[in-house]
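# What the coordinates show
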Amino acid sequence: MLMDFVSNGRNVTLLSPRRMGKTGLIFRLFDEMSTKQSDVQCIYLDIFATDSLESFVKVLASAVSSVFSQNTKIGRQFLDYLKHLRPLISYDPISGVPQISVTYQTENEKEQTLKGILDFIDSRGVKVLLAIDEFQQIREYKNVCFEALLRGYIQMMKNTNFIFCGSKRKMMLDMFSNPRSPFYSSTVIFPLDSVNKESYKSFITALFAKDSRTIDDDAVEYILDWTRLHTFYTQSLCNMIYSEGSSHITMKEVDSAIAMILKLNEPIFFQYRELLTSGQWQYLEAVAKEGVITQPTAGKFLMKYKIGTPANSRRLLSSLLDKELILSTTTQEGTSYRVYDVFMEKWMGR
Ligand SMILES: Nc1ncnc2c1ncn2[C@@H]1O[C@H](COP(=O)(O)OP(=O)(O)OP(=O)(O)O)[C@@H](O)[C@H]1O
Ligand SMILES: [Mg+2]
């Protein structure tokens, strides 16, 4: 389906909680594009580590120069183009890889550089698919108008389509579905759900079978429920089971792998405990014990875990949401909350 949107020239917003498989999916899509639509040039940007227009331009320029290799016509044109800009590129003395820096430019020049690079890729006579991962990061930029600036440039592009990818749901939705935001309504929003359980079951069973190993049906079922079908956790647990080496996997092997994983992750959980107030920690523990909560201010919940007033509960919940230690999920039935990290939830809930 994602492939269809992209082939039809739609811009897409790809959305899911962390570690669900967004980045993996982008690369799968790129692979598929390279066989089915090899005329499209795919470019991937991860802007997680950027904090300004300047660093965005840097990441963009590096991504473009690595896609269009110096041995191709477009690659050479790009380097020539960069040379026209003010003190911008130097070469790594050892590897010869161009190092892009925009330090000495004025704000206005930086904007022109961004526009220039986007114009450049848009006017090479090839279709381009540009995926920007961790897109919510642009809300952290010092240049407050960056969002509007980028939107303005993107709107002018004729041959380039975009995938905007991110895990901070609230912020991403505000960017793409709030009428006051520059990117409002400019994309198809594509929430990445967990894999269908039956397909995931056959996938796991087949992987073990490939290595002439068998796994009981109830064991696979248990793994998927325990990890809430969340890709990263499912994969980690299966890896642990796999590395323990049994040729026939039953619930016993699953239990022992779970114990091992929780043990290995313990130092991380302890570290979180250091960073949180005791109130926050107890709140997180309460949510872990409940598994999922839908009414954080209900008297029963407040009383059971000695949380205090509804206002106190809201305050703790909001601080833990900000820290991405609690995940909120909104459906037609309402909003529910759970501990973000599945392993942490299970460890705390014990
Ligand atoms: N289709 C898939 N089937 C099985 N495992 C997958 C699949 N896609 C991704 N994974 C695994 O799930 C984990 C998370 O994937 P990925 O890094 O793509 O998630 P993400 O949503 O980009 O996470 P983040 O928000 O933290 O960047 C990885 O360990 C990856 O190997
Ligand atoms: Mg990712």
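Residues numbered from 1 in each chain as written. Chains lettered and ligands numbered in written order. Predicted model: local features only at pLDDT ≥ 70, side-chain atom pairs only at ≥ 80, totals over all residues.

## Things to note about the packing of helix α12 (residues 278–290) against helix α14 (residues 310–322)
In a pair of packed helices, the angle between the axes and the distance between the axes together describe the arrangement. Formally: Angles shown run from 0 to 180 degrees and are taken between the N-to-C directions of axes, each axis being a line fitted to C-alpha atoms and, for helices, limited to the stretch in contact. Secondary structure elements follow DSSP: runs of H or I of four or more residues count as helices, runs of E of two or more count as strands, with numbering from the N terminus. Angle categories are assigned with fixed cut-offs, so that under 35 degrees is roughly parallel, over 145 is roughly antiparallel, 65 to 115 is roughly perpendicular, and the rest are oblique. Contact between two residues is assigned whenever their backbone-derived C-beta positions fall within 7 Å. Only Asp, Glu, Lys and Arg are considered charged in this grouping, and only Ala, Val, Leu, Ile, Met, Phe, Trp, Tyr, Cys and Pro are considered nonpolar; every other residue, Gly among them, is considered polar.
At a closest axis distance of 10 Å, the pairing of α12 and α14 adopts a crossing angle of 85°. Between α12 and α14, the interaxial angle falls into the category roughly perpendicular. Two secondary-structure elements touch here, α12 through G279, Q280, Y283 and L284 and α14 through L316, S319 and L320. Here the contact of α12 with α14 is built from residues that sort into 4 nonpolar, 3 polar and no charged.

## Observations regarding the site of ligand 1
Selection criterion: Using a C-beta atom placed from the backbone, a residue is described as near a molecule or strand when that atom lies within 6 Å of it. What counts as a domain boundary in this text is fixed by an automatic or database domain assignment.
Around ligand 1 lies a shell formed by S16, R18, R19, M20, G21, K22, T23, G24, S167, T231, F232 and Q235. Considering only residue class, the shell around ligand 1 consists of 2 nonpolar, 7 polar and 3 charged. When residues of the shell around ligand 1 are assigned to domains, at least three map to each of domain 1 (2–191) and domain 2 (199–349).

## Examining the domain arrangement of the protein chain
The domains assigned to the protein chain are domain 1 (2–191) and domain 2 (199–349). The C-alpha centroid of domain 2 is placed 34 Å from the C-alpha centroid of domain 1.

## Some details on helix α8 (residues 197–210)
This is how the line gets drawn: What a helix is expected to span follows from its residue count: subtract one and scale by 1.5 Å.
End to end, α8 covers 20 Å across 14 residues, agreeing with the expected 20 Å (1.5 Å per residue, within 8%). Downstream of α8 by a residue or two, S212 has a phi angle that is positive, lying close to 55°.

## Considering unusual backbone geometry
A negative phi angle characterises most non-glycine residues, just as the trans form characterises most peptide bonds. Filter applied, for reference: Our exposure labels follow a C-beta count within 10 Å of each residue's own C-beta, placed from the backbone: buried means 20 or more other C-beta atoms, exposed means 12 or fewer, and partly exposed covers the counts in between.
Despite not being glycine, E134 shows a phi value in the positive range, around 60°. Structurally, the position occupied by E134 is in the loop between β5 (127–133) and α6 (146–155). Residue E134 is classed as partly exposed on the basis of its C-beta count, with 19 C-beta atoms lying within 10 Å. Unlike most non-glycine residues, K306 shows phi in positive territory, near 50°. Topologically, K306 is positioned in the loop between α13 (299–304) and α14. A count of 8 C-beta atoms within 10 Å places K306 in the exposed class.

## Observations concerning the nonpolar core
Put simply, the rule reads: The term nonpolar core refers to a set of buried Ala, Val, Leu, Ile, Met, Phe, Trp, Tyr and Cys residues connected through C-beta atoms within 7 Å.
V64, I117, I132, I163 and C165 are the most contacted members of the largest nonpolar core, which has 36 residues in total. Elements supplying a minimum of two residues to this core: β1 (12–15), α3 (53–67), α5 (107–122), β5, β6 (160–166) and α7 (169–177). Looking at which element gives the most residues to this core, the answer is α3, with 7 residues. Excluding anything up to four places from it in sequence, V64 contacts I43, F78, I117 and I121. In terms of nonpolar packing, the next biggest core, distinct from the first, is built from 17 residues, F208, L224, I249 and I258 among them.

## As for the sheet that holds strand β7 (residues 188–191)
In any sheet, the strands associate via hydrogen bonds between backbone groups, in a parallel or an antiparallel arrangement. To keep things clear, this is the line we draw: Note: two strands are recorded as paired if DSSP finds a minimum of 2 bridges between them.
Spatial strand order, β2-β5-β6-β1-β7: 5 strands in an open sheet with parallel pairing. Here the strands that pair on one side only, and so sit at the sheet edges, are β2 (40–46) and β7. Geometrically, the sheet is characterised by an average inter-axis angle of 20° between neighbouring strands, direction not taken into account. By the bridge criterion, 5 bridges tie β5 to β6 in an arrangement that is parallel. What sits directly across from L130, in β6, is F162.

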